[in-house]
Amino acid sequence: MTISDELQGTIDQMVQRGKGILAADESQPTIAKRFAAIGVEATEEHCRTYRSLLFAAPGIEEYISGVIEFDDTLAQVDDAGIALPMVLAQRGIVPGVKVDKGKGALALSPNDSITYGLDGLAERLAHYKNQGARFAKWREVYAIGDRFPSALGITANAEMLARYAAVCQEQGIVPIVEPEVLIDGNHSMARCAEVTEAVQKEIFHALHRHHVVLEHIILKPNMVLPGKDHPVRASAEAIATATLQVFRRTVPMAVPSINFLSGGLSPEAATANLNAMNIAMPIAPWLLSFSYGRALQETVLQAWQGKAENLAAAQQALLKRARLNGAAQRGEYSSAME
Ligand code: 13P
C-alpha cells in the first residue's frame, strides 16, 4: 500500500455522512481545569478512567468516526488491559493524536501567538503511529483586536500549519489543520469574518507551497461569530450564512471535510449552528461536520462527577450529544430533540 492509499483510507473512514470527531485531547492543565469544575482532581488515574468511559460509550460509533487523544492517553489501557487507541479502533473509530506542544508568544510581534512542536515531529509521529494513531491535530490560535492578528502573525501561523501538515503526510498520518480565531473579545461578526477569511487564505497558500495534498487533510476551523462580549447575539442562521460565505471563498473543493471546533459555544448552540449550515448548504463540496471538545463533553462531565456509579449516565450524555450532532451534520436536528 502506498502512503497515498494509506492517507485516503483514513480519510474514507473519518469522513462519513452523519458522523464527526470527538476532541478528547486536553493537555494536563486543560483537563485539570475541566475536572476542577466538577471537583475532581486530575490525577493520571482519574484521566484514564474518564477517557476510558468516553471511548467505551455504547453506540457512539454510529456518530463518531474519529477521536483526538492527548499523547499520554495513547499509552493508557482500559480496566481490561486493552490500549485506549485499540478500544476505539475495535469499534471502527479512528484514533488520532494532538501533536503540537502548545502556543507561546510570537517574538517581536505583540499580540500574536505561535504554536511550538515541529522539532522531532517526524520521529514522534512514527512512535504515535506504532501506538495506533492514524491522524494528528495541530492548533494555531489567533486573538482578535482592532490591530491584530497582524499580517506577520497570519503568515507565520500559516507556515507552521503547512510544515506540520507536510510532515504528517510524509509519515502517512492525516493532518487535521486547526486555525482557531478566538471568540474572546467584543468584536463584531463582520470583524471575525474578515480575520477568518484572511487566515484561511494564507493557510491554503502555505499548504500549496509545502506540497500538502488537500484531499488528505481535514480542516478544523472556528465558526464566524460575534465576540463573546459583543452586545449583539447572532442567530444560528446568521452564523451559518457568514461562516459559509468565508469558507466558500477560501476552501478548495478538494478538501474533503470541514470539522468545526466548538470554541466555548454551549453544546446546544454548537449543534444548532452546524445544523443551520447543513440546511443552508445541503450539497456542499466538503462535509460540514464537527470536531467538538467542550460541546461534546460538558454534559458528560456534569453527569459523571468523578463517581463510578455515574458511569452509565455519563456515557448516555455523550451518546446524546453525539447523536444530536450527527443529526446536525445531516441538517436534521431540531431543538425539540434536546
Ligand atoms: P473545543 O470544541 O472545546 O473548542 O475543542 C476543540 C479542540 O480540539 C480545541 O483544540
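As the structure is a prediction and not an experimental result, all values here were calculated from the model.

Enquirer: How should the site of the ligand be read in this particular structure?
Expert: Residues in close proximity to the ligand total 13 residues, the closest being Lys 137, Lys 220, Ser 262, Gly 263 and Arg 294. Separating an oxygen atom of the ligand from a side-chain N or O atom of Glu 178 is a distance of 3.0 Å. In this structure, an oxygen atom belonging to the ligand sits 2.5 Å away from a side-chain N or O atom of Ser 262. In the complex, 90% of the free accessible area of the ligand, which totals 300 Å², lies under the protein chains. Looking at the shell around the ligand, the elements with two or more residues in it are strand E6 (135–142) and strand E10 (287–292). Considering only residue class, the shell around the ligand consists of three nonpolar, four polar and six charged.

Enquirer: Help me out: how do you make sense of the packing of helix H6 (residues 121–130) against helix H7 (residues 151–170) in this one?
Expert: Helix-helix packing is characterised by the crossing angle of the two axes and by the distance between the axes. For the pair H6 and H7, interaxial distance at closest approach is 10 Å and the crossing angle is 45°. As far as their axial angle goes, H7 and H6 are oblique. When the axes of H6 and H7 are compared, the crossing they make is right-handed. Of H7, the residues touching H6 (which contributes Leu 121, Ala 122 and Leu 125) are Tyr 164, Val 167 and Cys 168. Broken down by class, the residue content of the contact of H6 with H7 amounts to six nonpolar, no polar and no charged.

Enquirer: Please clarify how the packing of aromatic side chains should be interpreted in this entry.
Expert: Centre distance and the angle of the planes are the two values used to describe a pair of aromatic rings. As enumerated under the stated definition, the model contains six aromatic pairs in all. Consider the rings of Phe 290 and Tyr 292, whose centres lie 5.6 Å apart with planes at 35°: the pair is tilted. Phe 290 gets classed as buried once you look at its relative accessible area, which sits at 0%. A connected cluster of aromatic rings, assembled from ring pairs, spans Phe 35, Tyr 50 and Trp 304.

Enquirer: Hey, could you run me through the pairing of E6 in this one?
Expert: Looking along a regular strand, one sees side chains alternate from face to face of the sheet. For E6, the buried fraction is high: seven of the eight residues fall into the buried class. Sheet topology places strand E3 (residues 94–98) next to E6; three bridges connect them, and they run parallel. Counted as the bridge partner of Val 97 is Ala 136 from E6. Pairing of E6 with strand E7 (residues 174–181) involves eight bridges; the strand directions are parallel.

Conventions we followed
Residues numbered from 1 in each chain as written. Predicted model: local features only at pLDDT ≥ 70, side-chain atom pairs only at ≥ 80, totals over all residues. Heavy atoms only, no water. Near = heavy atom within 4 Å. Polar contact = N/O pair within 3.5 Å; in protein donor to acceptor, adjacent residues only side chain to side chain. Areas by Shrake-Rupley, 256 points an atom, 1.4 Å probe, with all protein chains shown as cover. Helix = DSSP H or I, 4+ residues; strand = E, 2+ residues; numbered from the N terminus. Nonpolar A, V, L, I, M, F, W, Y, C, P; charged D, E, K, R; others polar. Axes fitted to C-alpha atoms, helices over the stretch in contact; angles between N-to-C directions. Parallel < 35°, antiparallel > 145°, perpendicular 65-115°, else oblique. Left-handed = near helix turned anticlockwise from the far one by under 90°. Contact = heavy atoms within 4.5 Å. Phe/Tyr/Trp six-rings, centres within 6.5 Å; stacked < 30°, edge-to-face > 60°. Buried < 20%, exposed > 50% of the residue type's maximum accessible area, 1.4 Å probe, protein only. Pairing = 2+ DSSP bridges.

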